[in-house]
Amino acid sequence: MSNSEDSQQYLTDMLVKEEDEASGDESDRQDGHGSMLREQDRFLPICNIIKIMKVPVPQNGKIAKDARECIQECVSEFISFISSEAIERSVAENRKTVNGDDLLVAFSNLGFDNYVEPLSIYLQKYRESNKSDRNLFLEGSYMQTDDANESGKH
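Described below are features of the structure shown in this document. (Residues numbered from 1 in each chain as written. Predicted model: local features only at pLDDT ≥ 70, side-chain atom pairs only at ≥ 80, totals over all residues. Heavy atoms only, no water.)

On inspection of all chains with the given rule, the structure shows six salt bridges. Lys65 is the salt-bridge partner of Glu69, the closest N and O atoms lying 3.9 Å from each other. Taken together, the positions of Glu69 and Lys65, both in helix H4 (residues 65–92) and four residues apart, correspond to about one turn of that helix. Looking at Lys65, the relative accessible area reads 54%, which means it is exposed. Two residues, Arg89 and Glu93, come together in a salt bridge whose shortest N-O distance is 3.6 Å. On the basis of relative accessible area, Arg89 is assigned to the partly exposed category, the value being 26%. The class for Glu93 is partly exposed, based on a relative accessible area of 40%. Each of Arg89, Glu93, Arg95 and Asp102 takes part in salt bridges that share partners, so that together they form one network. (Salt bridge = Lys/Arg side-chain N within 4 Å of Asp/Glu carboxyl O. Helix = DSSP H or I, 4+ residues; strand = E, 2+ residues; numbered from the N terminus. Buried < 20%, exposed > 50% of the residue type's maximum accessible area, 1.4 Å probe, protein only.)

Laid out in C-alpha cells, this is it:
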C-alpha cells in the first residue's frame, strides 16, 4: 500500500469512528478483519499512560481525566499508525516478525525523520545490551556445567 492509500484508509477509519461515536456505539469496534475489539483492547492501559504523564508534572499537580483519556487515545493511535507501516514492510519482505529496523523505516516513511537517529542509537545500544546479557548467561551456564563435571569427578 502506498502512503496515499494508507492516509485514505486512516481517514476512512477515523470517519467511521466518528460515526460510531455519534451513534453512541463506543464500547465495541471492528478491527480490519471484522472481529470486534473492546475499548481496553484498542488502547494502552491508562495506568501506564498516567505514570508517564506524571513525570513532568509537579508533585502537587493534577491531570484532568479528559486529558488522560485524550493522551491515551492519541498514543494508542500513533503506535497503531507506526506499527501498521512496519507490518506492511515485514509482509512485503515475506517475514512474520516485525523488527526494530522495520519501525525505523516506518518512522522515516511517515515523515517522522527527527525520531530516526535517536531511535537508531537506542536500538543499537539495546541490541548490544542484549548481546552482552546473552553472553553473561551463556558464560554462567558454562561455569555451572564445569562445576557439575568437577564435582562428579571427586
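After that view of the structure, there is still more to cover.
If you look at the biggest cluster of nonpolar residues, it comprises five residues: Ile82, Ala86, Ala106, Phe107 and Leu110. Residue assignment for this core shows that the elements contributing at least two residues are H4 and helix H5 (100–109). If we skip the residues at most four places from it in the chain, Ala106 touches Ile82, Glu85 and Ala86. (Core = buried A, V, L, I, M, F, W, Y, C linked by side-chain atoms within 4.5 Å. Contact = heavy atoms within 4.5 Å.)

With that settled, the discussion passes to a nonpolar patch on the surface. A contiguous nonpolar surface patch, about 300 Å² in accessible area, is contributed by Ile87, Val91, Val98 and Leu103. For Val91, the location among the structural elements is in helix H4. The exposure class assigned to Val91 is exposed, which follows from its relative accessible area of 52%. (Patch = residues over 30% accessible without salt bridge, like charges linked within 9 Å, V, L, I, M, F, W, Y side chains within 5 Å. Areas by Shrake-Rupley, 256 points an atom, 1.4 Å probe, with all protein chains shown as cover.)

Attention now moves to the packing of aromatic side chains. Considering all chains together, one arrives at six aromatic pairs under this definition. For the ring pair Phe78 and Phe112, a centre distance of 5.2 Å and an interplane angle of 85 degrees mean the geometry is edge-to-face. Note that Phe78 is positioned in helix H4 and Phe112 in the loop between H5 and helix H6 (113–153), a separation of 34 residues in sequence. Overall, the relative accessible area of 31% leaves Phe78 in the partly exposed class. In this structure Phe112 comes out as partly exposed when scored by relative accessible area, which is 23%. For the ring pair Phe107 and Tyr115, a centre distance of 5.8 Å and an interplane angle of 45 degrees mean the geometry is tilted. Judged by relative accessible area, Phe107 falls into the buried class, the value being 11%. Among the residues examined, Tyr115 registers a relative accessible area of 44% and is labelled partly exposed. (Phe/Tyr/Trp six-rings, centres within 6.5 Å; stacked < 30°, edge-to-face > 60°.)

Interhelical geometry of helix H3 (residues 46–54) versus H4 gives an angle of 105 degrees and a closest axis separation of 10 Å. Here H3 is positioned roughly perpendicular relative to H4, judged by the angle of their axes. When H3 is examined against H4, the residues Ile46, Ile49, Ile50 and Met53 are found in contact with a partner set consisting of Ala67, Arg68, Glu69, Ile71, Gln72 and Val75. Taken together, the residues of the contact of H3 with H4 sort by class into seven nonpolar, one polar and two charged. (Axes fitted to C-alpha atoms, helices over the stretch in contact; angles between N-to-C directions. Parallel < 35°, antiparallel > 145°, perpendicular 65-115°, else oblique. Nonpolar A, V, L, I, M, F, W, Y, C, P; charged D, E, K, R; others polar.)

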